[in-house]
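Residue-level structural notes
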Amino acid sequence: MIRGTVLGAAMTGLDVATYGQTVSSSRPAQSSAGSGREADWTCKGEMVVEEQLPGKPHAGKVLAAIQPHADDIPLFAGGLVGKLIREGYTGYLIRVTNDEMTGSGTRGEGVLHNEQDNDAVAKSLGLKKSYNLAYRNHRMDEMSPQDLRGNLILLFRMLKVDTIICYDHWGLYEENPDHYVTAAAVESAAWMAGMAKDYPEQLEAGLKPHSVMEKYYYARGPQIANRVVDISGTVEVKVASIQAIGTQGPGGDNGARLRQRLAEKKLRLPVLGNDDETANRKYIEHFVLDEDSMHTRGVLSDRELGAAYGFAWAERFRYIGPNRSRLDEYIAKNAVAV
């Protein structure tokens, strides 16, 4: 039933996140996070279900949530970020562009307002600090890849990042150059940050090579996903992070404005409640993340995706985990005395 529902939607063009892979309702014997099975499952291409974990199993680990624009992480990975922070991660938000092409007023006003929104997003997600790299909006494809990669490597080394969350460089039919340029730079930076000869000036300044071990890649369109994350316990955090962005995107006060437009026509939607604050939250939850998700975000409803796996809400990702060697295990089992 799950395979037919999710993969069937993919084949009709509604959601191709799982096209070309096996979708299984079964879970690993233990929750995939921290079980040491990440590499096995990733290599097999199976759909892994990552559930909410009690306590702080990730205490001491560091994540970087990376977005070209102020609304990307909230729209596509706000639930995951909230979940990992709740489970013990320390997190940082890295915004790559200045978002000058969005918002009302002048470009300069857009830059200012989006930076304020980005800081509000970091706070709503429980992140320790936000970084704004301020590259030109919609012009990332003319920037130096080495410059952007070097800045990201510096942050990964300085913050000792274990896990990154970013756009999927291999997501299909992505129109925005900021998205795929950022994704490509993040992918290469995560790989090179642990090497001892790349960007030696950083090492001279006292930083040390640091390898990024886990990657969650999201997309706003077709994607070969292999992980579904239960965000039922943090969907309110996701809603709050989307609501924090008033300059661009479908969040902010769009619910209140819809409520006002309907009132002018002597109409109301009960789902929006009786005040503007409630309307803003419920608009995001009911329409942005669910009923109108394909229009507002370009992806399947978080509620529908969750229902397919027995959750109230879920997000999907391409996950790449630690690629551990099996050599020592093989030696222990097979070596003979000479």
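Scroll up a little and you will see the structure.
None of these values were measured; they are calculated from a predicted model.

Enumeration over the complete set of coordinates arrives at 7 aromatic pairs. Ring centres of tyrosine 167 and tyrosine 218 lie 4.6 Å apart, and the angle between their planes is 50°; on these two criteria the pair is classed as tilted. In this pair, tyrosine 167 sits in strand 5 (residues 163–167) while tyrosine 218 sits in strand 6 (residues 214–218), placing the two residues 51 residues apart along the sequence. Across the pair, exposure class does not vary: tyrosine 167 and tyrosine 218 are buried alike. Relative to phenylalanine 287, the ring of tyrosine 283 has its centre 5.6 Å away and its plane inclined at 40°; by these criteria the two rings are tilted. With tyrosine 283 and phenylalanine 287 both in helix 10 (residues 276–291) and 4 residues apart, this pair spans about one turn of that helix. Exposure class is identical for tyrosine 283 and phenylalanine 287. Each is buried. Every member of this aromatic cluster is reached through a ring pair, and the members are Phe76, Tyr167 and Tyr218.

So, about the packing of helix 8 (residues 235–243) against helix 10. One way to put it is that helix 8 packs onto helix 10 with a least axis distance of 10 Å and a crossing angle of 110°. Relative to helix 10, the element helix 8 lies roughly perpendicular. Residue-level inspection shows Val235, Lys238, Val239, Ile242 and Gln243 of helix 8 in contact with helix 10, the latter providing Glu277, Asn280, Arg281, Ile284, Glu285 and Leu289. For the contact of helix 8 with helix 10, the residue count by class is 5 nonpolar, 2 polar and 4 charged.

This next bit is on the sheet that holds strand 8 (residues 314–320). In spatial order, the strands read 1-7-8-6-5-2-3-4; together these 8 strands make up an open sheet with mixed pairing. Edge positions in the sheet fall to strand 1 (48–50) and strand 4 (129–135), since each has one partner strand and no second. The mean inter-strand angle of the sheet, taken between neighbouring strand axes irrespective of direction, is 25°. Pairing of strand 2 (residues 62–67) with strand 3 (residues 90–97), which is carried by 6 bridges, proceeds in the parallel orientation. Bridge pairing in strand 3 places isoleucine 66 opposite isoleucine 94.

It is worth spelling out the environment of arginine 281 at this point. Residue placement: arginine 281 occurs in helix 10. Between the C-alpha atom of arginine 281 and that of valine 239, which follows or precedes it by 42 residues, the distance is 6.5 Å. Apart from the residues within four sequence positions on either side, arginine 281 is in contact with Val239 and Gln243.

The buried fraction of strand 2 amounts to 6 of the 6 residues, a majority that puts the element mostly inside the structure. Burial along strand 2 is two-sided: the residues Val62, Ala64 and Ile66 and Leu63, Ala65 and Gln67 are all buried. Crossover strand 2 to strand 3 through helix 3 (residues 72–86) is right-handed. As defined by bridge partners, strand 2 adjoins strand 5 across 3 bridges and the pair is classed as parallel. Its bridge partner lying in strand 5, alanine 65 is registered against isoleucine 165.

This part covers the nonpolar core. Membership of the largest hydrophobic core comes to 69 residues, with the highest contact counts inside it found for Ile66, Ile73, Phe156, Ile164 and Ile165. With 8 residues, the single largest contributor to this core is helix 3. Non-local contacts of isoleucine 73, meaning those with residues more than four positions away in its chain, are made with Ala65, Ile66, Gln67, Gly78, Val81, Leu93, Leu125, Ile165 and Tyr218. Grouped together as the second largest cluster of nonpolar side chains are 10 residues, Val49, Ala225, Leu305 and Phe311 included.

This paragraph deals with the pattern of salt bridges. If you walk through the whole model with that rule in mind, you get 19 salt bridges. Among the ionic pairs, lysine 61 bridges to glutamate 214, the shortest N-O distance being 3.0 Å. Of this pair, lysine 61 sits in the loop between strand 1 and strand 2 while glutamate 214 sits in strand 6, and the two are 153 residues apart along the sequence. Note that lysine 238 and aspartate 302 form a salt bridge whose closest N and O atoms lie 2.6 Å from each other. Remark: aspartate 302 occurs in helix 12 (residues 302–308) and lysine 238 occurs in helix 8; sequence separation between them is 64 residues. Aspartate 302 carries the same exposure label as lysine 238, and that label is buried.

What counts and what doesn't
- Residues numbered from 1 in each chain as written.
- Predicted model: local features only at pLDDT ≥ 70, side-chain atom pairs only at ≥ 80, totals over all residues.
- Heavy atoms only, no water.
- Phe/Tyr/Trp six-rings, centres within 6.5 Å; stacked < 30°, edge-to-face > 60°.
- Helix = DSSP H or I, 4+ residues; strand = E, 2+ residues; numbered from the N terminus.
- Buried < 20%, exposed > 50% of the residue type's maximum accessible area, 1.4 Å probe, protein only.
- Axes fitted to C-alpha atoms, helices over the stretch in contact; angles between N-to-C directions.
- Parallel < 35°, antiparallel > 145°, perpendicular 65-115°, else oblique.
- Contact = heavy atoms within 4.5 Å.
- Nonpolar A, V, L, I, M, F, W, Y, C, P; charged D, E, K, R; others polar.
- Pairing = 2+ DSSP bridges.
- Right-handed = clockwise from strand over helix to strand, strands pointing away.
- Core = buried A, V, L, I, M, F, W, Y, C linked by side-chain atoms within 4.5 Å.
- Salt bridge = Lys/Arg side-chain N within 4 Å of Asp/Glu carboxyl O.

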